[in-house]
Amino acid sequence: MPIIFVHVSDIHFGQERDERLHTHTDVKNQLIADAAEVVRGLRGGVAHGILVTGDIAQAGTQEQYEQAGEWLDRLAEAVGCEIYSIQMVPGNHDLDRHKTSRSGAHLLDLIKEGKASYEEILANPSDRAALFARFEAYGKFCEAYNCALDTEGKFAINRHFDLGSGRSIRFVRMNSALLCSGLEKEDNPELMIGTRQFVIPRNEGVENIVLIHHPLHWFKDGEDARTYIRSRARVVISGHEHNPKVSIDKVEDGCDVMMLAAGATVPFKSSETYSFTYNVIEFDWDAEHDALSVVIHPRAWNPKRTCFEADEERLKEREPRYVLGSPNFRKCKVDLEETDVLDQTAWHTHEIECIEPIKLEPVIDKVLASEAEEGPEMSPDVAGYRLILLRFFRDLTEAERLRILIDLNAWPSEYDGRVTQALERQLLDWLVGQGRTREVQQMIDQLISSKK
């Protein structure tokens, strides 16, 4: 069975003014209904998740992410996936520019003027913290979906999906917005991806799908990034330009890369050039060619019929299918001759959590001091864990999260340091690892119910 995703980008929650509040709300409602119908008509009939390639919010504020969370819940339920089965990367509108400190602004100027290297600044923890501080609201939101930003400026991986017979796809998330200030231009690139992000892994049997907000030509190091990404990824999905298009580049014989640029799901104003758009994407293994198959179902708004329909203009085909030369599939050690390649329906597609095992320390004060010996590993498949993670970070305030940790004796009484998101995550994971999932869930339910 194919792996199916609904792909949205540049939704810009919070941009609405005047009458656009009503039209944009209607567009978002119509998208949910349309996506549900499209997905039901595909083989399998349910989506495996939702992909969001940046600019979820308009100005990176908590209120805007609350709106986004409610809408994403409805979309996920409509297409048949869990409400936490969402992968996302930040866009330039997902940072709160009001939280740019003087030191952060100075660092941005140093990099853009060539007076300091990107790597030099990213290697300094204090400098990194100044840049990442602007993602405070987005950081909590993406943590809830287990798509946390890598605070060392590296790429992030948290999921891959099995296509059958030893072949799988892995999603690699990149933060292209770290250096954004609102003044960046395409014709004079000032942004950087950074070597620590674009040197992505290559593994037998696994083809990489890169999620990034800005297309590669927006970066000063775009050519270096392109060299690595073209050879190590089969698909690059981007947003930002609000102009949907797809191209297939032949890297070499037997190796292709798809560049899929998204349109804006909700541009500020719909026009012939920039319409409301989204995609439904199917990934599958083409056994005949031992390659990755990608089918795109592009959808666009019809202003006369006021609904979404198949977009035959922007991607030039109604439902284009691409078979991409996939060298890592061909290197797979599974012997195809021992596999019934004609009966692809016999393979059970399933999601594999590719999260690094969470290390739990037996004593919390030693966790804080980083002195304890390595504790037991907690599987991300613990029943209810993903939903708890989502609701803990997305639906609770910092005070409410702290109350849970204190009331359940996870917060050490002698600790008077700063409350960080990473520390909250550690302590939450410790509670779950101690078998206290039900207690955490009950407290979350009580706190959420008390606010209604």
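As the structure is a computational prediction, the values presented were derived from the model and not from experiment.

Asker: What is the right way to look at the layout of surface pockets in this model?
Answerer: Over the atoms rolls a probe the size of a water molecule, and in doing so it shows where empty space is left. One number sums up the size of the second largest pocket: a volume of about 340 Å³. Taken together, 14 residues line the second largest pocket, and the ones lying closest to its centre are Glu66, Glu70, Arg394, Asp395 and Ile448. Within the residue set of the lining of the second largest pocket, elements represented by two or more residues are helix H2 (62–79) and helix H11 (385–394). Considering each element in turn, the lining of the second largest pocket owes the most residues, six residues, to H2. Per-class residue counts for the lining of the second largest pocket are three nonpolar, two polar and nine charged.

Asker: Help me understand empty space enclosed by the protein in this model?
Answerer: Tallied over the full model, the rule gives four cavities of 30 Å³ or more. The space that makes up the largest cavity amounts to roughly 100 Å³. Lining the largest cavity are 16 residues, and of these Leu149, Asp150, Lys154, Met174 and Asn175 sit closest to its centre. Lining the second largest cavity we find 14 residues, and of these Pro244, Gly263, Thr277, Tyr278 and Asn279 sit closest to its centre. Mapped by element, the contributors of at least two residues to the lining of the second largest cavity are strand S1 (3–8), strand S10 (277–286) and strand S11 (291–302). With three residues, the top contributor of residues to the lining of the second largest cavity is S10. Class assignment for the residues of the lining of the second largest cavity results in six nonpolar, six polar and two charged.

Asker: Would you mind going over the packing of helix H3 (residues 102–112) against helix H5 (residues 125–132) with me for this structure?
Answerer: Packed helices, taken two at a time, are described by the angle between their axes plus the distance between the axes. It is the contact of H3 with H5, at a shortest axis distance of 8 Å, that shows an interaxial angle of 100°. By the angle between their axes, H3 is roughly perpendicular relative to H5. Here Ser103, Gly104, Leu107 and Leu108 of H3 come into contact with H5, specifically with Asp127, Ala130 and Leu131. For the contact of H3 with H5, a count of residues per class yields four nonpolar, two polar and one charged.

Asker: Just checking my understanding: could you explain the confidence of the model for the protein chain for this structure?
Answerer: Any residue range with low pLDDT should be treated as having predicted coordinates unsuitable for detailed reading. Overall, the predicted model of the protein chain reaches an average pLDDT of 86, with 87% of residues at or above 70. Contacts of residues 338–379 to residues separated by more than four positions or lying in other chains number 87 contacts, the stretch itself having pLDDT below 50.

Asker: Help me out: how do you make sense of the environment of Gly254 in this one?
Answerer: With respect to the element layout, Gly254 can be found in the loop between strand S8 (245–252) and strand S9 (255–261). Look at Gly254 and you get partly exposed, because its relative accessible area is 31%. Residues Gly254 and Gly325, 71 residues apart in the sequence, show an inter-C-alpha distance of 4.5 Å. In contact with Gly254, other than residues within four places in its own chain, are Gly325, Ser326, Pro327 and Arg330.

Asker: Help me understand the environment of Ala264 in this model?
Answerer: On the secondary structure map, Ala264 appears in the loop between S9 and S10. When its relative accessible area of 0% is taken as the criterion, Ala264 is described as buried. Spatially, the C-alpha atoms of Ala264 and Ile11 are 6.6 Å apart, while their sequence positions differ by 253 residues.

Asker: What exactly am I supposed to notice about the packing of aromatic side chains here?
Answerer: Aromatic ring pairs are defined here through the distance separating the ring centres and the angle between the ring planes. Under the defined criterion, the tally for this structure stands at 16 aromatic pairs. Note on Phe135 and Tyr138: the rings are 6.5 Å apart at their centroids and 70° apart in plane angle, and the pair reads as edge-to-face. Residue class for Phe135 comes out buried when judged on its relative accessible area of 2%. Here Phe141 and Tyr145 contribute two aromatic rings whose centre-to-centre distance is 5.1 Å and whose plane-to-plane angle is 65°, an arrangement assigned as edge-to-face. Across the pair, exposure class does not vary: Phe141 and Tyr145 are buried alike. Joined through ring pairs, the aromatic side chains of Tyr65, Phe132, Phe135, Tyr138, Phe141 and Tyr145 make up one cluster. The ring of Phe13 carries Lys28 above its face, with NZ or CZ at 3.9 Å from the centroid.

Asker: Honestly, the pairing of strand S12 (residues 307–310) in this entry has me stumped. Any pointers?
Answerer: It is a general feature of regular strands that their side chains alternate between the two faces of the sheet. With four bridges connecting them, S11 and S12 associate as antiparallel partners. Across the sheet, residue Trp301 finds its bridge partner in S12, namely Phe308.

Asker: Explain the pattern of salt bridges to me, please; I cannot follow it from the model alone.
Answerer: Note on pairing: side chains with opposite charge can pair once their charged atoms come close. Taken as a whole and assessed by the stated rule, the structure comprises 22 salt bridges. Close ionic contact of Lys28 with Glu16 constitutes a salt bridge, the shortest N to O distance being 3.1 Å. Here the residue Lys28 occupies a position in helix H1 (residues 20–40), and Glu16 occupies one in the loop between S1 and H1, the gap between them amounting to 12 residues. For the residue pair Lys28 and Glu16, the accessibility class agrees, reading buried in each case. A salt bridge links Asp253 to Lys250; the shortest N-O distance between them is 3.0 Å. The burial state of Asp253 is the same as that of Lys250; both residues are exposed. Connected through shared salt-bridge partners, Asp73, Arg394 and Asp395 make up one network.

Asker: Looking at this model, I keep getting lost on helix H12 (residues 398–407). Mind explaining?
Answerer: In an α-helix, one turn spans 3.6 residues; hence positions three or four apart end up facing the same way. Listed in full, the buried residues belonging to H12 are Glu400, Arg401, Ile404 and Leu405. Buried positions in H12, seen along its axis, are confined to an arc of 140° and lie on one side of it. Summarising the contacts, the buried residues of H12 are in contact with helix H6 (136–144), H11, helix H13 (421–433) and helix H14 (437–450). Remark: Asn409 follows H12 within two positions and exhibits a positive phi of approximately 60°.

What counts, and at which threshold
Residues numbered from 1 in each chain as written. Predicted model: local features only at pLDDT ≥ 70, side-chain atom pairs only at ≥ 80, totals over all residues. Heavy atoms only, no water. 1 Å grid on protein atoms, 1.4 Å probe; cavity = no way out; pocket = protein on both sides within 12 Å on 5 of 7 lines; lining within 4 Å. Points joined across faces, edges and corners; volume = space filled by probe spheres on them. Helix = DSSP H or I, 4+ residues; strand = E, 2+ residues; numbered from the N terminus. Nonpolar A, V, L, I, M, F, W, Y, C, P; charged D, E, K, R; others polar. Axes fitted to C-alpha atoms, helices over the stretch in contact; angles between N-to-C directions. Parallel < 35°, antiparallel > 145°, perpendicular 65-115°, else oblique. Contact = heavy atoms within 4.5 Å. pLDDT = per-residue confidence, 0-100. Buried < 20%, exposed > 50% of the residue type's maximum accessible area, 1.4 Å probe, protein only. Phe/Tyr/Trp six-rings, centres within 6.5 Å; stacked < 30°, edge-to-face > 60°. Lys NZ or Arg CZ within 6 Å of the ring centre and 35° of its normal. Pairing = 2+ DSSP bridges. Salt bridge = Lys/Arg side-chain N within 4 Å of Asp/Glu carboxyl O. Arc of directions from axis to C-beta.

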